[in-house]
Amino acid sequence: NAGVTQTPKFQVLKTGQSMTLQCAQDMNHNSMYWYRQDPGMGLRLIYYSASEGTTDKGEVPNGYNVSRLNKREFSLRLESAAPSQTSVYFCASSESRQGFRAGGYTFGSGTRLTVV
Amino acid sequence: GQQVMQIPQYQHVQEGEDFTTYCNSSTTLSNIQWYKQRPGGHPVFLIQLVKSGEVKKQKRLTFQFGEAKKNSSLHITATQTTDVGTYFCAGRGAGNNRKLIWGLGTSLAVNP
């Protein structure tokens, strides 16, 4: 079982460039999430998808867009990268977003993005 | 808004010493989760606590959920170098507020 697979693992972008971070899970989970992690800031939710066909904003959505392509895949797009978006990005999935059936999140290994 | 505070922010111990991190919420939680993140790694789910006063053990790790479901703790007995990392709690709100709110984590360093 691969779990949650993220690509790429590392990326350097110039300010203004665009890119898409890919995420796929093979656990048949309904919900998927994109987080960013910065020193001293913990994990901050960018966007999430409670189920296939739905997406919602998290705490820090500005500058990002997402697509839930199907149940397995959830991509994060930076249309015009800024230095403030330098961070480590994690994709995660869970069986369900709400309720007691919502167990723990399974995280991908992360994308380390630097915007210069 | 709802906050989850974790203390301490950092802890440095000698191998073999015990370690405890605490998680306190400003509001009642429906459940709380704990994660471990190794340096350079990704968060890994450890456990979820649901019931008031619940205590669960995983080998040398003991997790507790407070009676009021507003606080939780993770205790590691006789730390080992493999315990190094950052431990996060994440609390899920009760009632209509079902968001998962993350603490900022406690970073544990272990001297061999």
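Now for a look at the structure at hand.

Conventions we followed
- Residues numbered from 1 in each chain as written.
- Chains lettered and ligands numbered in written order.
- Predicted model: local features only at pLDDT ≥ 70, side-chain atom pairs only at ≥ 80, totals over all residues.
- Heavy atoms only, no water.
- Disulfide = S-S within 2.5 Å.
- Helix = DSSP H or I, 4+ residues; strand = E, 2+ residues; numbered from the N terminus.
- Buried < 20%, exposed > 50% of the residue type's maximum accessible area, 1.4 Å probe, protein only.
- Contact = heavy atoms within 4.5 Å.
- Buried area = accessible area lost by both parts, 1.4 Å probe.
- Salt bridge = Lys/Arg side-chain N within 4 Å of Asp/Glu carboxyl O.
- Polar contact = N/O pair within 3.5 Å; in protein donor to acceptor, adjacent residues only side chain to side chain.
- Pairing = 2+ DSSP bridges.
- Axes fitted to C-alpha atoms, helices over the stretch in contact; angles between N-to-C directions.

## Looking at the state of the cysteines
What is meant by a disulfide is a covalent connection between two cysteines, made through their sulfur atoms.
Then step 1. A complete count under the given rule lists two disulfides over all chains for this structure.
Then step 2. For Cys-23 of chain A, the disulfide goes to Cys-91 of chain A, at an S-S distance of 1.9 Å. A torsion of -75 degrees about the S-S bond marks the disulfide between Cys-23 of chain A and Cys-91 of chain A as left-handed. In this pair, Cys-23 of chain A sits in strand 3 (residues 19-25) while Cys-91 of chain A sits in strand 9 (residues 87-94), placing the two residues 68 residues apart along the sequence. Comparing Cys-23 of chain A with Cys-91 of chain A shows no difference in burial state: the two are buried.
Then step 3. One disulfide bridge connects Cys-23 of chain B with Cys-89 of chain B, the sulfur atoms lying 1.9 Å from each other. The sign of the 70 degrees torsion about the S-S bond sets the Cys-23 of chain B-Cys-89 of chain B disulfide as right-handed. Here Cys-23 of chain B is found in strand 3 (residues 19-25), whereas its partner Cys-89 of chain B is found in strand 9 (residues 85-93), with 66 residues between them in sequence.
Then step 4. The class of Cys-23 of chain B is buried, set by a relative accessible area of 1%.

## A closer look at the interface of chain A and chain B
Then step 1. Counting from both sides, the interface comprises 19 residues of chain A and, opposite them, 19 residues of chain B.
Then step 2. Summing both sides of the interface, chain A and chain B together bury roughly 1,500 Å²; the carbon and sulfur share of this comes to 54%.
Then step 3. Scanning the region where chain A abuts chain B turns up zero salt bridges.
Then step 4. For the pair chain A and chain B, the number of links is four residue pairs in polar contact (both at pLDDT 80 or more).
Then step 5. Mapped by element, the contributors of at least two residues to the side of chain A that touches chain B are strand 4 (31-38) and strand 5 (42-49) of chain A.

## Description of the sheet that holds strand 8 (residues 71-76) of chain B
All names here are of chain B.
Then step 1. Read across the open sheet, the five strands follow the order 1-3-8-7-6; overall the sheet is antiparallel. The open sheet has two edge strands, strand 1 (4-7) and strand 6 (55-58), and neither has a second partner. Across the sheet, the mean angle separating the axes of adjacent strands is 15 degrees when strand polarity is ignored.
Then step 2. Pairing of strand 6 with strand 7 (residues 61-65), which is carried by four bridges, proceeds in the antiparallel orientation. In the sheet register, Gln-58 faces strand 7, and the bridge partner there is Leu-61.

## Examining the sheet that holds strand 7 (residues 64-68) of chain A
All names here are of chain A.
Then step 1. Sheet architecture is open: four strands sit in the order 1-3-8-7, paired in antiparallel fashion. Single-partner strands in this sheet number two, and they are strand 1 (4-7) and strand 7. Across the sheet, the mean angle separating the axes of adjacent strands is 15 degrees when strand polarity is ignored.
Then step 2. Bridging between strand 7 and strand 8 (residues 74-78) involves five bridges; their strand directions are antiparallel. In the sheet register, Val-66 faces strand 8, and the bridge partner there is Leu-76.

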